[in-house]
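# Residue-level structure breakdown
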Amino acid sequence: MRKFLLLGLGAIAFFSSACNDDVSLAVSDDLISSSDESIMSSSSSGDVPASSSSSSSSSSSSSSSSSSSSSSAKSSSSSAERSSSSVKSSSSGKTVYSSFLWDGTTDIVGRVETGSPEETSGYWFNYSDDYEGGSSRFTFPPDVEPDTYDNFFGPLVEVYGGIKASVTLGDDYDYPYVGLGFNVWSENQEGVDVSEWGGICIAYQSTIPFVIELGVEDEATLTEYVNYRASVSVSNTITAVDFSWAKFRRDWGPGPSIEDVLKKVAAIKLKFEGEAGTTGDILIQKLGSLGECNYYVLL
């Protein structure tokens, strides 16, 4: 009796073990199958556009999770690339347009668009020797008044198609002068690399000669106030002239090369200077980078 009982218990144990093995095999097969599907899904998700990934249902299985992880990794990599690009851009300095043109026949703001994002960039301003006790001055047309924002050059160019004025050089300073200009980057006059402009063009009319001067950041150190300039001749009719960078010279003394100066240009200035008592009339119609003034019909 005991023998038969032991045989029965052994059979039951064998049957139970066999069943467990079958269950284990079945579970292992399911895991393998699920893993294969997950790997295939993760592999294919690399070809799916980000928009498709972002629009997938939140009830997706582990393949959706893998795709989301892959997409996040790409996004992180892309952000890193943009960050790296920004760092490079910042380290290389401020950048402006590779070419530009201010056209007084169409401008109503009195502003040169240089490509600077700063709100104070490009607005025309005038200056004179009154800082040195001089009495030189511009006399602008009396029929033009500043607008509500105290902007005078906008209304002036809107009425006259350019900057129109009379020049008078006074006798209270040994080297009398007056000038017009605009800041390339901002009113703080930070230096900017303008090498790609190739030079300056101007369309103008003037009964007295003047110069185009490159104002630079930290003039006291870089140029010791002896800036690079190009000479503009008298013209009784509107004339467009190009001045390549090679035509810009310093008046005297050793100093930085034109290549070094062009990396630090803060302002472009039109300066009228000469003997006390000199008078003249001017109309500055256009000003731009090399060759740009000739692309438009002159009035």
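Scroll up to find the structure.
Residues numbered from 1 in each chain as written. Predicted model: local features only at pLDDT ≥ 70, side-chain atom pairs only at ≥ 80, totals over all residues. Heavy atoms only, no water.

## Concerning the pattern of salt bridges
- Taken as a whole, this structure holds three salt bridges when the rule is applied.
- We note a salt bridge from R229 to E213, for which the minimum N-O separation is 3.5 Å. Of this pair, R229 sits in strand 8 (residues 229-232) while E213 sits in strand 7 (residues 210-216), placing them 16 residues apart in sequence.
- Looking at E213, the relative accessible area reads 8%, which means it is buried.
- Judged by relative accessible area, which is 15%, R229 ranks as buried. (Salt bridge = Lys/Arg side-chain N within 4 Å of Asp/Glu carboxyl O. Helix = DSSP H or I, 4+ residues; strand = E, 2+ residues; numbered from the N terminus. Buried < 20%, exposed > 50% of the residue type's maximum accessible area, 1.4 Å probe, protein only.)

## Focus: the side chain of S235
- Along the chain, the position of S235 falls in strand 9 (residues 235-244).
- Of the polar contacts made by the side chain of S235, one reaches the side chain of T239; its length is 2.6 Å.
- Leave out the neighbours within four places in its chain, and S235 touches Y204, Q205 and S206. (Polar contact = N/O pair within 3.5 Å; in protein donor to acceptor, adjacent residues only side chain to side chain. Contact = heavy atoms within 4.5 Å.)

## Remarks on unusual backbone geometry
- Here the phi dihedral of Q189 falls at roughly 60 degrees; this positive angle occurs in a residue that is not glycine.
- Mapped onto the elements of the fold, Q189 is located in the loop between strand 5 (177-183) and strand 6 (199-206).
- A relative accessible area of 32% means that Q189 is categorised as partly exposed.
- Backbone geometry at E224 places phi at a positive 55 degrees, although glycine is not the residue there.

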